[in-house]
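Spelled out, the chains give:
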Amino acid sequence: MENLHSTWMHRGTTLHAEGQPERALVAFENALALAPNDLNTVSACATLLTALARPVAAYNILLSVEALLLGDADGAANLAIAAEACGDLTRARSAYQCALALNPLHLRSLNNVGMLAAAQSQWELAIECARQCLALDVNEAKHHTNLADFLTGSRRYEEALEVIAAARKRFPDNLGISARFIAVLAFRGDLEKSAATADTLDAAGKAGLHEFLERLMQADDADNKLRPSPTTQPDALQLYTAQAFNAMAVCDWSAYDQLAATLRSSVAQAIRSGQSRDWRDAQFYGLMLGLDEIELAQMRDISTATIAANLVTKTRIFLPAFVRKQLTANRNDGRIHVGLAVKSLRDPHYVEALKRQLELHDAARFAIHVYSPTRQPMAYQADPLRTCSASVVETAHMTHAEAAGRIRLDQLDVFVDMAFDSAWCRPEILALRVAPVQIRQLTWHRHNPPQPCDYNLSDTFVHPAGLDLTPYGSVVRLPYTCWLASDDSEASANRPTRASAGLPEGALVLCAMVHAVAIDPQTFGLWMKILRSLPDAVLWLPAYGLATSANLVREAQAAGVAAGRLLFAMPMPRAETLACMQHADLFLTPLRFNAIEGMVDALRVGVPAISHAGNSMASRMGGSVLRAAGMADCISESLQGYVAQALHLGRNAQALSALRQRLESAKSAAPLFDLPSRVREWEAAWTVMAERARAGLHPVAFDVPHYISLEAAIK
């Protein structure tokens, strides 16, 4: 039996060496049948199965001898690697720990534990593992690059540069190390030195650098928010801003002032030199950095021109310039055809809210076409919308030109970009022009460039009476609010107790259920000032990731507020989240990017809110929503007023209770919650836009009254 086992093993080894892995696997499997507990045979089978892209089968074979493998450091590491390949991270970590318990200096296990830790932003553990690996084998380049990468991930750029500098001396021809040196210089903000170093590379080096930077800039999540166009050549400024924006998204404000100054300087330089730049991400983050309306408008103008210019040479051979054609017989139905470019339909709550909106549109007057960017869509995601729309078209698999060409086939009157503030924003489609009238459902800025959107949909709070609209372009003002509060679900009837929601019974609960990126240092500073003045209050925030929560706790402690006064919600289904929110006493909105969705949820479940009205559209939307909810007195025009109002309500339980009762009483008549009427106003605006375009008239600013006279509006 032993001789036969050896024969099969020898045959398998020979076949593997001859490049016949399938036949080698058969030989090894025959050997395994004769000696199922032989670790060498198990390892040979697992290795071949992995090479043949069958990781689950390899993992299962290793699990059959798990007890034996865990008695040896190499065996435990092999099991951990297989578990990791199959997504079983819990067993992988356990097996790595077992390997390190048997041999604390086991190199493969140290390396892989560090990689796993880095994948979850556990930087201290990752860095410690990488330092041990480097000490064990200083001549292996990957240990240098791993340590540099982990230090970079934790934004310890000076230390990362020290590691890279030492590695460059040891491995002068290693392009990966040189590329990291260029990237980390940019991350640190040393843009000129980064660019100058890149210029010293030869053609092969520059090609390798470009490939490295493309991998570096590639989002782990394909739906990561607001990434620049993938056709954009990464440069030092883009590298710098990308990592700085990522830091802002987790409330790391260490480079806040430097980033704001760099953006201001870069915009000014672009204006002087005529340099093009795709600022689509910076337009958003610039709001939280306190860039003023003029600076943001300049950024938009540069970005719009850049996107359009990049498309000219790349798409015109496939897609001619837009021309409105004579309607075909099957399209000339007398209705206004409106296209809605929506966000991903993967979120059922968003689908339900969109469905409720579509059901309210007048199908006799409007044909609504939905364009979905959902990657790998399932039928159940789009099917609910098909019964209340003219069509639902998937566009995720299409290029910009293909998507624009497909949308043009529907001969739209109005194209509405509803995905503007999401990861699925495709400004290239707007730049290619798909309809006579193009608008965004919402935007972040009050200024409307003449292209590619013809109108800026707003309201009389965002663009108030007395404001000279001349610099703002063709602004369409709705009478109450431009926010369409489509309710996607009701709060659970089983309301949890405060304790089960993780809230202290006797505390004043200030709630700020907002996206982390919407919190800027000035906002957080005011919130901490409020907490210091209200010793019995806590600040209730969403279930942020570990990095975000740690950064906010650190900032709170630096402001003299104990860590325990920041409470982070527990993840739970949306209906339960809404039910828990009813325990909040007051909702606080950020200053520069008002918490629209979170605040609307709070108002809907009866929690009053306060907001500060700034000068951008993003900073006035909170006030727009509050006014439409019948709570205009909860809007402050000054920072001092915002803080004073929070303190007054926090110290006066009777006033807070009265405000809550007034909100509950006003909800039945408040315009915010009268979705059918708000949809009618949208339709009225679309009608004026479409009829003006059909009459050959240019876009102009106009107000949508409660009952619009179409003939008067067209004239």
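Residues numbered from 1 in each chain as written. Predicted model: local features only at pLDDT ≥ 70, side-chain atom pairs only at ≥ 80, totals over all residues. Heavy atoms only, no water.

Caption draft 1: A look at the overall build of the chain. Scanning the chain from N- to C-terminus turns up 31 helices and 14 strands. A compact globule built from 715 residues should have a C-alpha radius of gyration of about 27 Å, and the chain, at 30 Å, falls within 12% of that. In terms of overall dimensions, the chain has C-alpha extents of about 95 × 65 × 55 Å along its principal axes. Out of the 715 residues in the chain, the part that is buried amounts to 53%. Excluding contacts between residues fewer than 6 apart, the proportion of contacts in the chain whose partners are at least 24 apart in sequence is 66%. Put simply, the chain shows about 31300 Å² of open surface, and 55% of that area lies on carbon and sulfur atoms. Put simply, the chain has 65 plus and 73 minus side-chain charges, and the middle of one group is 4 Å from the middle of the other. (Helix = DSSP H or I, 4+ residues; strand = E, 2+ residues; numbered from the N terminus. Rg over C-alpha atoms; globule rule 2.2 N^0.38 Å. Buried < 20%, exposed > 50% of the residue type's maximum accessible area, 1.4 Å probe, protein only. Contact = heavy atoms within 4.5 Å. Areas by Shrake-Rupley, 256 points an atom, 1.4 Å probe, with all protein chains shown as cover. Lys, Arg positive; Asp, Glu negative; His and termini not counted. Charge placed at Lys NZ, Arg CZ, Asp CG, Glu CD.)

Caption draft 2: Representation of the sheet that holds strand S9 (residues 537-541) within the structure. The strand order across the open sheet built from 6 strands is S10-S9-S8-S11-S12-S13, with neighbouring strands paired in parallel fashion. Of all the strands in the sheet, the pair left with one neighbour each is strand S10 (566-568) and strand S13 (635-636). Judged from the 2 bridges that link them, strand S11 (residues 586-588) and strand S12 (residues 609-612) form a sheet pairing that is parallel. Looking at the pairing, phenylalanine 587 lines up with alanine 609 of S12. Together, S9 and S10 form the strand contacts of helix H24 (residues 546-558), whose direction differs from that of S10 by roughly 170 degrees. The sheet strands contacting helix H28 (residues 639-651) are strand S8 (508-511), S11, S12 and S13, and the helix crosses S12 at an angle near 165 degrees. (Pairing = 2+ DSSP bridges. Axes fitted to C-alpha atoms, helices over the stretch in contact; angles between N-to-C directions.)

Caption draft 3: A look at helix H21 (residues 400-408). Taken together, the buried positions of H21 are Ala401, Ala403, Ala404, Ile407 and Arg408. End-on, the buried residues of H21 take up no more than an arc of 165 degrees, which puts them together on one face. (Arc of directions from axis to C-beta.)

Caption draft 4: Highlighting helix H3 (residues 39-51). The terminal C-alpha atoms of H3, which comprises 13 residues, lie 18 Å apart, in line with the 18 Å expected from a rise of 1.5 Å per residue. When we look at burial in H3, the residues that qualify are Thr41, Val42, Ala44, Cys45, Ala46, Leu48 and Leu49. A positive phi of about 60 degrees marks alanine 53, the residue just after H3. (Expected span 1.5 Å × (residues − 1).)

Caption draft 5: Molecular detail of the packing of helix H23 (residues 521-533) against H28. Interhelical geometry of H23 versus H28 gives an angle of 35 degrees and a closest axis separation of 10 Å. You can see that H23 and H28 cross each other, and the crossing is right-handed. When H23 is examined against H28, the residues Gln522, Leu526, Trp527, Lys529, Ile530 and Ser533 are found in contact with a partner set consisting of Leu639, Tyr642, Val643, Ala646, Leu647 and Arg651. The class makeup of the residues in the contact of H23 with H28 is 8 nonpolar, 2 polar and 2 charged. (Left-handed = near helix turned anticlockwise from the far one by under 90°. Nonpolar A, V, L, I, M, F, W, Y, C, P; charged D, E, K, R; others polar.)

Caption draft 6: Region of interest: the side chain of histidine 361. Mapped onto the elements of the fold, histidine 361 is located in the loop between helix H19 (348-360) and strand S2 (366-372). Of note is the side chain of histidine 361, whose polar atom sits 3.5 Å from the side chain of glutamine 357. Excluding residues within four positions of it along the chain, histidine 361 makes contact with Ile368, Val679, Arg680, Glu683 and Trp686. (Polar contact = N/O pair within 3.5 Å; in protein donor to acceptor, adjacent residues only side chain to side chain.)

Caption draft 7: Up close: the state of the cysteines. Inspection of every chain in the model, using the stated rule, returns 0 disulfides. Here cysteine 98 stays unpaired: no disulfide links it, and the sulfur of cysteine 129, its closest cysteine neighbor, is 16 Å away. (Disulfide = S-S within 2.5 Å.)

Caption draft 8: Focus on the sheet that holds strand S5 (residues 437-440). In space, the 8 strands of this open sheet follow the order S3-S2-S1-S4-S5-S6-S7-S14, with parallel pairing throughout. Of all the strands in the sheet, just strand S3 (391-394) and strand S14 (702-703) have a single pairing partner and so form its edges. Pairing geometry for strand S1 (residues 336-341) and S2, over 6 bridges, is parallel. Paired with isoleucine 336 across the strands is phenylalanine 366, a residue of S2.

Caption draft 9: Here's a closer look at the packing of helix H11 (residues 157-170) against helix H12 (residues 175-188). The interhelical angle for the contact between H11 and H12, taken along N-to-C directions, is 155 degrees, at an axis separation of 10 Å. It follows that H11 is roughly antiparallel to H12 by the angle criterion. Between H11 and H12 the crossing geometry is left-handed. Contacts between H11 and H12 pair Tyr157, Glu158, Ala160, Leu161, Ile164, Ala167 and Arg168 from the former with Ile177, Ser178, Arg180, Phe181, Val184, Leu185, Phe187 and Arg188 from the latter. (Parallel < 35°, antiparallel > 145°, perpendicular 65-115°, else oblique.)

Caption draft 10: Representation of the pattern of salt bridges in the model. In the structure shown here, the tally under the stated rule is 34 salt bridges. Aspartate 383 serves as the salt-bridge partner of arginine 386, at 3.1 Å between the closest nitrogen and oxygen. With arginine 386 and aspartate 383 both in helix H20 (residues 379-386) and 3 residues apart, this pair spans about one turn of that helix. Among the residues examined, arginine 386 registers a relative accessible area of 40% and is labelled partly exposed. Among the residues examined, aspartate 383 registers a relative accessible area of 37% and is labelled partly exposed. Salt bridges sharing partners connect three or more residues here, namely Glu124, Arg131, Arg156 and Glu159. (Salt bridge = Lys/Arg side-chain N within 4 Å of Asp/Glu carboxyl O.)

Caption draft 11: Region of the structure containing the pairing of S12. With burial as the criterion, each face of S12 is covered, one bearing Ala609 and Ser611 and the other bearing Ile610 and His612. Taking the sense of rotation as the criterion, the β-α-β connection linking S11, helix H26 (residues 596-604) and S12 turns out right-handed. Judged from the 2 bridges that link them, S12 and S13 form a sheet pairing that is parallel. The partner of histidine 612 across the bridge, within S13, is serine 636. At this point the chain moves from S12, through helix H27 (residues 617-628), to the parallel S13, and the crossover so formed is right-handed. (Right-handed = clockwise from strand over helix to strand, strands pointing away.)

Caption draft 12: Seen up close, the environment of leucine 510. Mapped onto the fold, leucine 510 is located in strand S8. Note on leucine 510: relative accessible area 1%, which makes it buried. Taking C-alpha positions, leucine 510 is 15 Å from aspartate 601, a pair spaced 91 residues apart along the chain. Contacts of leucine 510, omitting those with residues within four sequence positions, involve Ile530, Leu531, Leu534, Ala537, Val538, Leu539, Trp540, Leu586 and Leu588.

Caption draft 13: Up close: the confidence of the model for the chain. Residues of the chain with pLDDT of at least 70 account for 95%, and the chain-wide mean is 90. In this model, residues 707-715 is a region of pLDDT below 50 whose contacts with residues beyond four sequence positions or in other chains number 13 contacts. (pLDDT = per-residue confidence, 0-100.)

Caption draft 14: Region of the structure containing the packing of aromatic side chains. Under the defined criterion, the tally for this structure stands at 12 aromatic pairs. Measuring from centroid to centroid gives 5.9 Å for tyrosine 157 and phenylalanine 187, while their planes differ by 45 degrees, and the two rings are tilted. With tyrosine 157 in helix H11 and phenylalanine 187 in helix H12, the pair connects residues that are 30 residues apart, well separated along the chain. Residue class for tyrosine 157 comes out buried when judged on its relative accessible area of 12%. Clustering of aromatic rings is evident, with ring pairs tying together Phe245, Phe284, Tyr285, Phe420, Trp444 and Phe593. Here arginine 168 stacks its cationic end above the ring of phenylalanine 181, 4.1 Å away from the centre of that ring. (Phe/Tyr/Trp six-rings, centres within 6.5 Å; stacked < 30°, edge-to-face > 60°. Lys NZ or Arg CZ within 6 Å of the ring centre and 35° of its normal.)

Caption draft 15: Main features of the environment of histidine 447. Along the chain, the position of histidine 447 falls in the loop between S5 and strand S6 (455-459). For histidine 447, a relative accessible area of 13% translates into the label buried. In the structure, histidine 447 is positioned 147 residues away from arginine 300 in sequence and 9.2 Å away in space, judged by C-alpha atoms. Residues contacting histidine 447, with those up to four places away along its chain left out, are Glu293, Ile294, Ala297, Arg300, Asn456, Pro471 and Tyr472. For histidine 447, the side chain forms a polar contact with the main-chain oxygen of proline 471, separated by 3.2 Å.

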